[in-house]
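What follows is the residue order along each chain.
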Amino acid sequence: MNTEHFDVLIVGAGLSGIGTACHIQRAFPDKKLVILERRQQLGGTWDLFRYPGIRSDSDMFSFGYAFRPWNELKVLADGPSIRQYLADTAKQFKIDEKIQYGLKIIQAAWSSEERLWTLDAVEESTGTQRRFTCNFFISCTGYYNHDAGFLPTFPGEEQYKGLRIHPQHWPEDLDYSGKTVLVIGSGATAVTLVPAMADKAAHITMLQRSPSYIFSVPGMDKISAVLGRFLPEKWVYNFARSRNIRIQRWLYQSCRRWPKAMRRFLLWRTRSQLGKEFDMSHFTPKYMPWDERLCAVPDGDLFTALRNGKASVVTDHIDTFTETGIRLQSGKQIDAGIIITATGLNLQMLGGIQLRIDGEPRLLGDSMTYKGLLLQNVPNMAWIIGYTNAPWTLKSDLSGEYLCRLFKYMEERDLDMVTPRDDENCDTGGGILDSLASGYVQRSKGLMPRQGSKLPWKVTMHFEQDSQMLLHDPIEDGILQFERTREDKVTPLRRSA
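Residues numbered from 1 in each chain as written. Predicted model: local features only at pLDDT ≥ 70, side-chain atom pairs only at ≥ 80, totals over all residues. Heavy atoms only, no water.

## Points about the layout of surface pockets
Let me state the cut-off plainly: The rule is simple: put a 1 Å grid over the protein atoms alone, call a set of points where a 1.4 Å probe fits but cannot get out a cavity, call an open set with protein on both sides within 12 Å along at least five of seven lines a pocket, and count a residue as lining if it has an atom within 4 Å of a point. Grid points are joined across faces, edges and corners, and a volume is the space filled by probe spheres set on the points. Helix and strand definitions follow DSSP, with helices as H or I runs of at least four residues and strands as E runs of at least two, each counted in order from the N terminus.
What the second largest pocket holds in volume is close to 710 Å³. Taken together, 31 residues make up the lining of the second largest pocket; nearest its centre are Asp59, Phe215, Val217, Ile247 and Gln248. Put simply, the parts of the chain that give the lining of the second largest pocket at least two residues each are strand E10 (214-217), helix H6 (222-227), helix H7 (233-257) and strand E11 (295-298).

Below is the structure:
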């Protein structure tokens, strides 16, 4: 089997993979870089999900890359627009030339003797086995399973004669015009699907076990539209990005600091959108804001669909599926020609890659994460994850910039191996997302890397603190352990003059 060698190997050509590759390509244009992608085109999440209305749940001024501004005025962009933005970014920085598609990575193994990662892959279309080696391995696979979403077993589900769909596997040719539709779920996917399908469907119902916080945001950035008439485009973008980052941070911090007051504020906002006559029990969660993620809807489109009668919401538990729909524990029957199970995601680390360190298997849940990026006792590897309480890309951008700082530091000192070590016993045993009560997190405790009692092992989910830690704090901190390049090994991380 032939082996292809690269200085840096990235797995995943989604938002994180494209962005990280762009950072490295800009700082080290002569570096031999590759992205391995399982799908047949780039985009990751934004290529996988094709259901009606699919869109970002963060504003695009802060969701777009810092190095390539998003200058459209639409706040929550749709999936096709985001896919095109990623494709254009990859083309502009010639990253599209460095992507190899259709490769499922089976195993990534580190050898301290060779100071190399070896990745075994298979071409899923042909079954051909491929092997790659690299000096530095970066996982940009996200944290959920692309093969299958979470689908609970429902009583009597085999009786149902209609069409049942999970949003993660949306049929391209689905025609739901004039049909009754039932969406099971109350999260971001459900609140996106309901208004997007309401106009064409005969009627659409959202069935939820319990409510979520729904927060309306402007569909268009009118402030930037006005400023754009008088100010340079770059100034308008920088102002909008800075403003939106601060607003998002204020909202999150306020929810954690004053949960009862913010609960009243969010429910007041919802009532003002729905009207005084609407039954607010359907939008009054039992948990406090940001125990789970808030669901954003542009211009209150969900509330509009509910007010005009094209959609409805039911809060109840499923007793059983029937031939024509679902019977609830209250005894009510909901008939539907199409049932959409927007029941969530399954977590999966590293896209299912088996990790081995010097012959020993290693799980991500066995290690703490260093600065939310590197992994305890794992050499020459980064694991890119974005924010859960702010736009994903803010953190992935910072991570890419930090890796460039790290690579430069190592090159200038003729170093080829870096490993975070915890000599102070900082491990708390807690996962990095344990504070979230979301079902997909609670179902998968132990899979995520752990965090420690203090920085840099503690995950802050705080853009300003991470900016300081990743962009300005010294690389050498007594926790990262470096080893010098041996004379019998090829020097990694060649940087152009």
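Next comes the rest of the description.
## Regarding a nonpolar patch on the surface
The test is simple: Patches in this entry comprise residues that are over 30% relatively accessible and not in a salt bridge; like charges within 9 Å are linked, as are nonpolar side chains (Val, Leu, Ile, Met, Phe, Trp, Tyr) within 5 Å. Accessible surface is estimated by sampling points in the Shrake-Rupley manner with a 1.4 Å probe; for residues, cover comes only from the protein chains shown. When a carboxyl oxygen of Asp or Glu lies within 4 Å of a side-chain nitrogen of Lys or Arg, that pair is called a salt bridge.
Residues Val226, Phe230, Leu231 and Trp235 make up a contiguous nonpolar surface patch of about 460 Å² in total accessible area. Within the secondary structure, phenylalanine 230 is located in the loop between H6 and H7.

## Some details on the nonpolar core
Here is the rule: Nine residue types can take part in a nonpolar core, namely buried Ala, Val, Leu, Ile, Met, Phe, Trp, Tyr and Cys, and a core is a set of them joined through side-chain atoms within 4.5 Å. Relative accessibility thresholds used throughout: buried, under 20% of the residue-type maximum; exposed, over 50%; partly exposed, between the two (1.4 Å probe, protein chains only).
Counting 140 residues, the largest nonpolar core has Trp117 and Phe137 as the members making the most contacts within it. In terms of residues, this core owes the most to one element, helix H10 (residues 392-412), which gives 10 residues. Counting 13 residues, the second largest nonpolar core, distinct from the first, contains Tyr160, Leu182, Ile318 and Leu328.

## A few points about helix H4 (residues 79-92)
For clarity, the threshold we go by: Helix span, expected: 1.5 Å multiplied by one less than the number of residues in the helix. The arc under discussion is defined with respect to the helix axis, by the directions toward the C-beta atoms. Residues count as neighbours in contact if any of their non-hydrogen atoms are within 4.5 Å of one another. Polar contact criterion, stated in full: a pair of N or O atoms within 3.5 Å, where within protein one must be able to donate a hydrogen and the other to accept it, and residues adjacent in sequence count only if both atoms are side-chain atoms.
The terminal C-alpha atoms of H4 lie 20 Å apart, and with 14 residues this matches the ideal 20 Å at 1.5 Å per residue to within 8%. If you check which residues of H4 are buried, you get Gly79, Ile82, Arg83, Tyr85, Leu86, Thr89 and Ala90. On an axial view of H4, the arc spanned by its buried residues comes to 160 degrees, and they lie on one face. Against helix H1 (15-27), helix H2 (45-48) and helix H3 (60-63) lie the buried residues of H4. The residue sitting at the N-terminus of H4 and contributing the capping side-chain oxygen is aspartate 78; that oxygen lies 2.9 Å from the backbone nitrogen of serine 81. Backbone geometry just downstream of H4 places lysine 94 in the positive-phi region, at approximately 60 degrees.

## Structural notes on the packing of aromatic side chains
Under the convention used in this document: The aromatic pairing rule takes the rings of Phe, Tyr and Trp, using the six-membered ring of Trp, and pairs them if the centres are within 6.5 Å, calling planes under 30 degrees apart stacked, those over 60 edge-to-face and the rest tilted. Charge-over-ring contacts are defined here by two conditions on Lys NZ or Arg CZ: a distance within 6 Å of the ring centre and an angle within 35 degrees of the ring normal.
Inspection of the entire model under this criterion finds 23 aromatic pairs. Ring geometry for tyrosine 65 against tyrosine 85: centres 5.7 Å apart, planes inclined by 25 degrees, an arrangement best described as stacked. With tyrosine 65 in the loop between H3 and H4 and tyrosine 85 in helix H4, the pair connects residues that are 20 residues apart, well separated along the chain. Classification of tyrosine 65 by relative accessible area gives buried; the value is 0%. Measuring from ring centre to ring centre gives 5.7 Å for tyrosine 370 and tryptophan 457, while their planes differ by 75 degrees; the resulting arrangement is edge-to-face. One end of the pair, tyrosine 370, is in strand E19 (residues 369-370); the other, tryptophan 457, is in the loop between strand E24 (450-452) and helix H12 (463-471), with 87 residues separating them in the sequence. The residues tyrosine 370 and tryptophan 457 share a single accessibility class, namely buried. The rings of Tyr65, Phe67, Trp70, Tyr85 and Phe93 are connected pair by pair, giving a single aromatic cluster. Over the aromatic face of tyrosine 176 sits the side chain of lysine 200, whose NZ or CZ is 4.9 Å from the ring centroid.

## Some points on unusual backbone geometry
Cis rather than trans, the peptide bond between leucine 455 and proline 456 has omega equal to 5 degrees. Note that proline 456 resides in the loop between E24 and H12. Although it is not a glycine, aspartate 358 sits at a positive phi angle of roughly 50 degrees. Secondary-structure assignment places aspartate 358 in the loop between strand E17 (354-357) and strand E18 (360-362). Even without being a glycine, asparagine 425 presents a positive backbone phi close to 55 degrees. As for its placement among the helices and strands, asparagine 425 is situated in the loop between strand E22 (415-420) and strand E23 (427-431).

## Some points on the confidence of the model for the protein chain
What counts is decided by this rule: Each residue carries a pLDDT value, the predictor's own confidence for that position, ranging from 0 to 100.
For the protein chain, the mean per-residue pLDDT works out to 89, and 95% of the residues sit at or above 70. Here helix H11 (residues 439-442) stands out as the element of the protein chain with the lowest mean pLDDT, 60, in contrast to strand E2 (residues 33-37), whose mean of 97 is the highest. Note on residues 490-497: pLDDT under 50 across the span, and 20 contacts to partners over four residues away in sequence or across chains.

## Focus on the sheet that holds strand E7 (residues 163-165)
The strands that make up a sheet are held in pairs by hydrogen bonds between backbone atoms, and each pair lies either parallel or antiparallel. Condition: Each pair of strands is called paired provided DSSP finds at least two bridges between the two strands. An axis is simply a line fitted to the C-alpha atoms; with a helix, the fit covers only the stretch in contact. Between two such axes, the angle follows the N-to-C directions and lies from 0 to 180 degrees.
Spatially, E7-E16-E8-E9-E12 is the arrangement adopted by the 5 strands of the open sheet, whose pairing is parallel. Strands at the two margins of the open sheet, each flanked by one partner only, are E7 and strand E12 (311-315). Within the sheet, the average angular offset between the axes of one strand and its neighbour, ignoring direction, is 20 degrees. When E7 meets strand E16 (residues 338-341), the two strands line up parallel, connected through 3 bridges. The residue bridging arginine 164 from the neighbouring strand is isoleucine 339, located in E16.

## Some details on the pairing of strand E6 (residues 129-139)
Of all 11 residues in E6, 9 are buried, a share of seventy percent or more. Taken together, the 8 bridges between strand E1 (residues 3-11) and E6 define a ladder with parallel strand orientation. Within the sheet, the bridge partner assigned to isoleucine 10 lies in E6 and is isoleucine 138. Two elements, strand E5 (residues 116-123) and E6, share 6 bridges in a ladder whose sense is antiparallel. Bridge pairing links tryptophan 117 to cysteine 134 in E6. Pairing between E6 and strand E21 (residues 381-383): 3 bridges, direction parallel. Bridged to phenylalanine 137 within E21 is methionine 381.

## A few points about the packing of H10 against H12
Stated precisely, the cut-off is as follows: Roughly parallel means an angle under 35 degrees; roughly antiparallel means over 145; roughly perpendicular covers 65 to 115; every other angle is labelled oblique. When residue character is reported, Ala, Val, Leu, Ile, Met, Phe, Trp, Tyr, Cys and Pro are called nonpolar, Asp, Glu, Lys and Arg charged, and the others, Gly included, polar.
Relative orientation of the contacting elements H10 and H12 amounts to 10 degrees, with a least axis distance of 9 Å. The orientation of H10 relative to H12 falls into the category roughly parallel. In contact with Leu394, Lys395, Leu398, Ser399, Glu401, Tyr402 and Arg405 of H10, H12 contributes Phe463, Asp466, Ser467, Met469, Leu470 and Leu471. Class assignment of the residues belonging to the contact of H10 with H12 gives a composition of 7 nonpolar, 2 polar and 4 charged.

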